[in-house]
Amino acid sequence: MGCAERVAGFLAEILVRFEGDAEGSAVLGADEATSRYGACTTGLRRRIAGALVPFPRDGDQDGSAFRDDIIAIVNAACRYKVALYPVSTGNNWGYGSANPAVDDCVVVDLSRMTRIWEVDPETGVADLEPGVTQQMLRDYLDKENLRFLCPATGAGPNCSLVGNALERGYGITPHADHFLSMMSLEVVLPDGRVYRPPLAELGCPDVDRVFKWGFGAFLDGMFTQSGFGIVTRMSIALAPIPERVEAFFFGVPHDENLGDAVEAIRSILREVGGVLGSINLMNTHRVLSMMEPYPRDQLDDNGLIRPDYVAEMARRNNVMSWMGAGAMYGNAKVLAAARSLIRRRLRGTAKRLMFFTPGQVAFLDRASAYVPGAPGRMVQNIFGTLNKTLKLLAGAPSEIALPLAYWISGRKPEGDAPMNPACDGCGLVWYSPLVPMRARTVEEYARMVRRVCIKHGLEPLITLTSVSDRCFDSTVPLLFDRANGQDVERARRCYRELLDEGRKIGGCVPYRVPVDEIESFIRSDAPYWQIVSTLKKTLDPSGIMSPGRYEPINQEIQS
């Protein structure tokens, strides 16, 4: 039986199980699935064999009906030898969107599974299904008057909390590392069994949800950045809303001061500690991409913004070579002491260091509307951007970062329609390496990114976000015209050169990669990847679960 015949039989069997879906959208053939899930900001094109969209069942009081549906899907996929590719919402923009790592998979779209089973008002642990988005959780917390922060990210309000944690994503609120906030999970394995952590298996779900590590070998992490199962439920710890949220912003006037700023940030993170979220450093191009439209009439012969015009944009927006931002969370007295220390550590390095609360910035944003002329437009731009940034720092999901994807290509939706860079034609690939927090390494890294991006005709937009007092995660959006095949290929060449050059600088390699670049990281002779292969063959002997996703592809199974 060929691939098409196997998929047809598999989809027909699942259609019988899903009969009664009021929207008639639970089972999709190849054409409809490709239309719905095939769009990708990277320019990737995969053959998608079909799609399944599990939906909530009436009377499912504990999620068992959803779990049973997934078990039935997995068991049928094993019988028909059909590869599955689960997604939470599919909004993995810049890394592959909803596209599988290999061709001919059936997408399992979990975006309709949106139940928030519980948020414990005492421990702050939320129990979620994979389709719950940042905005859904924020709305739930507000409705139930629960004083916890939503772990917001720049990906926007319509992205999955579970999906981000499974990608080991991070944010800027106090619980910045979203994998560390993951306390427990339930997973349907490729053979139909259900995995739960050992404390849950002992009948102690309350303890399981408040103590991440359980006992014995820690296996929960195996289900992140992997294809070892379908997560049907997750518990995540939320940070409480503090008495006060206060953000600080500063400028680094010259590239020569970047190393001093890195050392100051490292000292601040070590000394201030728990009251801080992440600290961001953004170069001029990255900040300007948030503040002004792309100036297509001011490009040089290489298709890049003329350096003199970049300088002009920076002057009118008061943007320096690097701009820093961070946030503090706690009571007023603690933050006053932290504010004093931050001032001391940045003295002589940073310029125009300012501290704001969300309320202060909201007031200034409203007041700026009364400033006339060009100065008014400038301050409205500045305080409008700051206001949206402060809301995100305070745990309110926002689309503030999404317009970046549209800076060079794509068409923003009209009215209140949500942004979807993949469907809206944007060209975006994320290069997101880890960079040791050493002054010399960071300086060399920034020079390398600028050199490589300019070589390939891409604007060098750089952000450095602290993930600890030892390491930055850098995010570099490679923006291009996705409708132009030459631009797509140029972005791919740029990405691969960034990978090669980054490895030479203190081993700066990404913490996550686009699905079509995974294979370049795999070394079949390395014990790590040999262990991954052994686990995969043991748990998934039929090779049906997310083949090629952070794992060596089993050619024997794929053939």
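Residues numbered from 1 in each chain as written. Predicted model: local features only at pLDDT ≥ 70, side-chain atom pairs only at ≥ 80, totals over all residues. Heavy atoms only, no water.

**Description of the overall build of the protein chain**
Here is step 1 of the chain: When helices and strands are counted, the protein chain shows 18 helices and 17 strands.
Here is step 2 of the chain: Relative to the globule expectation of 24 Å for 559 residues, the C-alpha radius of gyration of the protein chain, 24 Å, shows essentially globular dimensions.
Here is step 3 of the chain: Referenced to the eigenvectors of the C-alpha coordinate spread, the extents of the protein chain come out at roughly 70 × 55 × 50 Å.
Here is step 4 of the chain: Of all 559 residues assigned to the protein chain, the portion counted as buried reaches 57%.
Here is step 5 of the chain: Nonlocal contacts in the protein chain, meaning residues at least 24 apart in sequence, comprise 71% of its contacts between residues at least 6 apart.
Here is step 6 of the chain: Accessible area for the protein chain stands at about 23,900 Å²; split by element, carbon and sulfur atoms hold 51% of it.
Here is step 7 of the chain: Positive and negative side-chain charges in the protein chain, numbering 62 and 67 respectively, have mean positions lying 6 Å apart. (Helix = DSSP H or I, 4+ residues; strand = E, 2+ residues; numbered from the N terminus. Rg over C-alpha atoms; globule rule 2.2 N^0.38 Å. Buried < 20%, exposed > 50% of the residue type's maximum accessible area, 1.4 Å probe, protein only. Contact = heavy atoms within 4.5 Å. Areas by Shrake-Rupley, 256 points an atom, 1.4 Å probe, with all protein chains shown as cover. Lys, Arg positive; Asp, Glu negative; His and termini not counted. Charge placed at Lys NZ, Arg CZ, Asp CG, Glu CD.)

**A look at the environment of P295**
Here is step 1 of the chain: Along the chain, the position of P295 falls in the loop between α10 (284–291) and α11 (307–316).
Here is step 2 of the chain: We classify P295 as buried; its relative accessible area is 7%.
Here is step 3 of the chain: Here P295 is in contact with I305, Y309 and M313, once residues within four sequence places are set aside.

**Some thoughts on a nonpolar patch on the surface**
Here is step 1 of the chain: Nonpolar side chains collect at one region of the surface, where L180, V207, V210, F211, W213 and F218 lie side by side and expose about 540 Å² of accessible area between them.
Here is step 2 of the chain: Among the structural elements, V210 can be located in the loop between α8 (205–208) and β9 (230–237).
Here is step 3 of the chain: Residue V210 is classed as partly exposed on the basis of its relative accessible area of 44%. (Patch = residues over 30% accessible without salt bridge, like charges linked within 9 Å, V, L, I, M, F, W, Y side chains within 5 Å. Salt bridge = Lys/Arg side-chain N within 4 Å of Asp/Glu carboxyl O.)

**So, the sheet that holds strand β1 (residues 27–28)**
Here is step 1 of the chain: Within the open sheet, the four strands sit side by side as β1-β2-β4-β3. Their pairing is mixed. Edge positions in the open sheet fall to β1 and β3 (84–87), since each of these has one partner strand only.
Here is step 2 of the chain: Here strand β2 (residues 48–52) runs beside strand β4 (residues 105–109); their pairing, made up of four bridges, is parallel. Bridged to G50 within β4 is V106.
Here is step 3 of the chain: Most of the contacts of helix α1 (residues 3–17) go to β2, to which it runs at about 10 degrees, and overall it touches β1, β2, β3 and β4.
Here is step 4 of the chain: Running over the sheet, helix α2 (residues 30–37) touches β1, β2 and β4 and is turned about 80 degrees from β2. (Pairing = 2+ DSSP bridges. Axes fitted to C-alpha atoms, helices over the stretch in contact; angles between N-to-C directions.)

**Topic: the pairing of strand β12 (residues 322–330)**
Put simply, side chains in a regular strand alternate between the two faces of the sheet.
Here is step 1 of the chain: In terms of residue burial, β12 counts as a mostly covered element, since nine of its nine residues are buried.
Here is step 2 of the chain: Covered by surrounding structure in β12 are W322, G324, G326, M328 and G330 together with M323, A325, A327 and Y329, the residues of both alternating faces.
Here is step 3 of the chain: Sheet analysis places strand β10 (residues 244–252) next to β12, joined by nine bridges and oriented antiparallel. Bridged to F249 within β12 is A325.

**Some details on the pattern of salt bridges**
Here is step 1 of the chain: The full count for this structure, using the stated rule, is 32 salt bridges.
Here is step 2 of the chain: R57 is the partner of D69 in a salt bridge, and the nearest nitrogen-oxygen pair spans 3.0 Å. Taken together, the residues span a long stretch of sequence, with D69 in helix α3 (residues 64–80) and R57 in the loop between β2 and α3 at a distance of twelve residues.
Here is step 3 of the chain: Exposure remark for D69: the relative accessible area of 2% places this residue in the buried category.
Here is step 4 of the chain: In this structure, the salt-bridge partner of R512 is E167, at a minimum N-O distance of 3.7 Å. Of this pair, R512 sits in the loop between α16 (485–503) and α17 (527–539) while E167 sits in the loop between α5 (161–166) and α6 (178–181), placing them 345 residues apart in sequence.

**So, the environment of M282**
Here is step 1 of the chain: Note on placement: M282 falls in strand β11 (residues 276–283).
Here is step 2 of the chain: Classification of M282 as buried rests on a relative accessible area of 15%.
Here is step 3 of the chain: Put simply, M282 and E292 are ten residues apart on the chain and 15 Å apart in space, counted from C-alpha to C-alpha.

**Considering the packing of α1 against α3**
Here is step 1 of the chain: Following both chains from N to C, one finds α1 and α3 inclined at 155 degrees, their axes separated by 10 Å at the closest point. When the interaxial angle is binned, α1 and α3 end up roughly antiparallel. Crossing geometry of α1 relative to α3 is assigned as right-handed. Residue-level inspection shows R6, G9, F10, E13, I14 and R17 of α1 in contact with α3, the latter providing D68, D69, A72, I73, A76, A77, R79 and Y80.
Here is step 2 of the chain: Among the residues making up the contact of α1 with α3, the classes are represented as seven nonpolar, one polar and six charged. (Parallel < 35°, antiparallel > 145°, perpendicular 65-115°, else oblique. Left-handed = near helix turned anticlockwise from the far one by under 90°. Nonpolar A, V, L, I, M, F, W, Y, C, P; charged D, E, K, R; others polar.)

**A closer look at the sheet that holds strand β8 (residues 194–195)**
Here is step 1 of the chain: The strand order across the open sheet built from five strands is β5-β6-β9-β7-β8, with neighbouring strands paired in antiparallel fashion. Looking along the sheet, the strands with just one partner apiece sit at the ends: β5 (116–119) and β8.
Here is step 2 of the chain: Relative to β9, strand β7 (residues 182–188) is paired through six bridges, and the arrangement is antiparallel. Bridge pairing links S184 to S235 in β9.
Here is step 3 of the chain: Strands β7, β8 and β9 of the sheet are contacted by α3, whose axis makes an angle of about 50 degrees with β7.
Here is step 4 of the chain: Contacting β5 and β6 (125–128), helix α4 (residues 134–143) crosses the sheet at an angle of about 50 degrees to β5.

**A closer look at the packing of helix α9 (residues 258–272) against helix α15 (residues 439–455)**
Here is step 1 of the chain: Two numbers describe how α9 lies on α15: the axes approach to 8 Å, and their chain directions differ by 130 degrees. Between α9 and α15, the angle is such that the two are oblique. Remark: the crossing between α9 and α15 carries right-handed chirality. Residues L258, G259, V262 and E263 of α9 touch α15, and the partners they reach there are A439, V442, E443 and A446.
Here is step 2 of the chain: When its residues are assigned to classes, the contact of α9 with α15 shows five nonpolar, one polar and two charged.

**Observations regarding the environment of E19**
Here is step 1 of the chain: Within the element layout of this structure, E19 appears in the loop between α1 and β1.
Here is step 2 of the chain: Each C-alpha atom of the pair E19 and R168 lies 36 Å from the other, and the pair is 149 residues apart in sequence.

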